[in-house]
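Listed here are the chains, written in short residue letters.
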Amino acid sequence: MTLISMLIALIIERLAVRSNGWQLSTYIRPFLQMSSKAPLLELSRHPYGVFLWWLLPAIALQLTLIAINFWLFDLIASTVVLLVCIGSWHYRKSYKQYLNAAGRQDQEAAFLTMQQMASDQGLNNQDLSHGQQLVWINFKYYAAVLFWYTVLGAFGALAYACLRQMAEPKTYNQQSESTIVRDDDTEITAEATQPTVASDDIVSDELAHYWQGFATDLCHWAEWLPVRVFGLGLALVGHFSRASGVLLSYLGDSTTPALQVYTDIARAAEPLPDDSLNCSDESCTLVQLAKRNVLFFLALVAVLTLGGWLN
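To keep things clear, this report deals only with the structure shown in the data block. (Residues numbered from 1 in each chain as written. Predicted model: local features only at pLDDT ≥ 70, side-chain atom pairs only at ≥ 80, totals over all residues. Heavy atoms only, no water.)

All right, on to the packing of aromatic side chains then. Evaluated as defined, the whole model comprises 12 aromatic pairs. With 5.3 Å between their ring centres and 85° between their planes, Phe51 and Phe214 make a pair best called edge-to-face. Of the two residues, Phe51 sits in helix H4 (residues 49-68) while Phe214 sits in helix H9 (residues 205-222), which places them 163 residues apart along the sequence. With relative accessibility at 35%, the residue Phe51 sits in the partly exposed group. Pairing Phe139 with Tyr262 gives two aromatic rings, centres 4.7 Å apart and planes at 40°, and the pair type is tilted. Placement of the pair is Phe139 in helix H8 (residues 130-167) and Tyr262 in helix H12 (residues 258-269), with a sequence separation of 123 residues. Each member of the aromatic cluster is reached from another via a ring pair, and the members are Trp136, Phe139, Phe230, Tyr262 and Phe297. The ring of Tyr141 is capped by Arg164, whose NZ or CZ atom sits 3.9 Å from the centre of that ring. (Phe/Tyr/Trp six-rings, centres within 6.5 Å; stacked < 30°, edge-to-face > 60°. Helix = DSSP H or I, 4+ residues; strand = E, 2+ residues; numbered from the N terminus. Buried < 20%, exposed > 50% of the residue type's maximum accessible area, 1.4 Å probe, protein only. Lys NZ or Arg CZ within 6 Å of the ring centre and 35° of its normal.)

Below you can see the structure in the form of structure tokens.
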């Protein structure tokens, strides 16, 4: 049932899901606003209670699944939760805008689009190429979620996805869509970020900084194992000899950020551009590599399921 849920969720997300109702940030923001008031406020600011606070949505989901205990409901609920956790329509739109800009040789528009994506993720101070940013988004919104769903079910997927959203600055900001009209009369739709405003309905800057710092620190450990598992996948579907050397150098490293580990492995595993796929630059080849890696993981889950090692 794990594999079935993943396949259904990935197919639906690819073809049909577009509205904000299928994005986790839509539900995280009300939870954070509610947590800025008592009694959740005290729990969320406690040095140890914050761990329980972070897991509250996942715990509520798991208790619901246990209480109903019906396989069909479990399948539907797990698939819906997984679909929401991998929902990344905001980044899909930005990626399409980047491809359109790159296709018409508009380097300025491509740069601005990637800069906005980096800002939403809090990567402003990271020296990353466009391709590395894209494979990191693929990891956070697909690979890591699928890993924790395989290991801990819907509980694990939702727990990690909540942590991921709490670590993104975009989660704490008001969003509004704006259209940038360039000199060549082409339009670029991007989400304009408004500064956080102090009011009863908005999380304060101090509280947002505390929660974001907690989530960022914990993400380092939540991503340690998935990064290395999918790093091995990158080596197997890409340039093995180069990528395996980088992977081995990071294997026992617990201090290097997961972002650097994964992007370094992806860069080493990058194959030669494939003209048949119309991939002539690093961004395209790295995105194709990341997609093959996810397919490889799904194949591995299928083998484990057929072999009886995975329920």
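Text resumes after the structure shown.
Before going further, it helps to spend a moment on the nonpolar core. With 91 residues, the main nonpolar core has Leu32, Trp54, Leu82, Phe139 and Met166 as its most contacted residues. It is H8 that contributes the most residues to this core, 24 residues altogether. Residue contacts for Leu82: discarding those within four places in its chain leaves Ser5, Met6, Ala9, Val145, Leu146, Tyr149 and Ala157. (Core = buried A, V, L, I, M, F, W, Y, C linked by side-chain atoms within 4.5 Å. Contact = heavy atoms within 4.5 Å.)

Put simply, helix H1 (residues 2-15) and H8 touch, their axes get as near as 10 Å, and they point 155° apart. It follows that H1 is roughly antiparallel to H8 by the angle criterion. Handedness of the H1/H8 crossing: right-handed. Taken together, the residues of H8 that come into contact with H1 (itself represented by Thr2, Ser5, Met6, Leu10 and Glu13) are Tyr142, Leu146, Tyr149 and Thr150. Looking at the contact of H1 with H8, its residues break down into five nonpolar, three polar and one charged. (Axes fitted to C-alpha atoms, helices over the stretch in contact; angles between N-to-C directions. Parallel < 35°, antiparallel > 145°, perpendicular 65-115°, else oblique. Left-handed = near helix turned anticlockwise from the far one by under 90°. Nonpolar A, V, L, I, M, F, W, Y, C, P; charged D, E, K, R; others polar.)

Moving on: the pattern of salt bridges. For the coordinates displayed, the defined rule picks out four salt bridges. The closest approach of N and O atoms between Glu13 and Arg92, which form a salt bridge, is 3.0 Å. With Glu13 in helix H1 and Arg92 in helix H6 (residues 89-103), this pair connects stretches of sequence that are 79 residues apart. Just as Glu13 is buried, Arg92 falls in that class too. (Salt bridge = Lys/Arg side-chain N within 4 Å of Asp/Glu carboxyl O.)

One can describe the packing of H6 onto H8 by two numbers: an axis separation of 12 Å at closest approach and a directional angle of 155°. By the angle between their axes, H6 is roughly antiparallel relative to H8. In this structure, H6 crosses over H8, and the sense of that crossing is left-handed. Where H6 approaches H8, its residues Tyr91, Arg92, Tyr95 and Tyr98 are matched on the opposing element by His130, Leu134, Ile137, Tyr141 and Tyr142. For the contact of H6 with H8, the residue count by class is seven nonpolar, one polar and one charged.

In this model H12 runs 16 Å from its N-terminal to its C-terminal C-alpha over 12 residues, within 8% of the 16 Å that 1.5 Å per residue would give. Of all 12 residues in H12, nine are buried; the element is thus mostly enclosed. All of the buried residues along H12 are Ala258, Leu259, Val261, Tyr262, Thr263, Ile265, Ala266, Ala268 and Ala269. Those residues of H12 that are buried are in contact with H8, H9, helix H10 (224-237), helix H11 (240-250) and helix H13 (282-306). (Expected span 1.5 Å × (residues − 1).)

Everything listed here is a matter of coordinates, which is why it stays silent on function.
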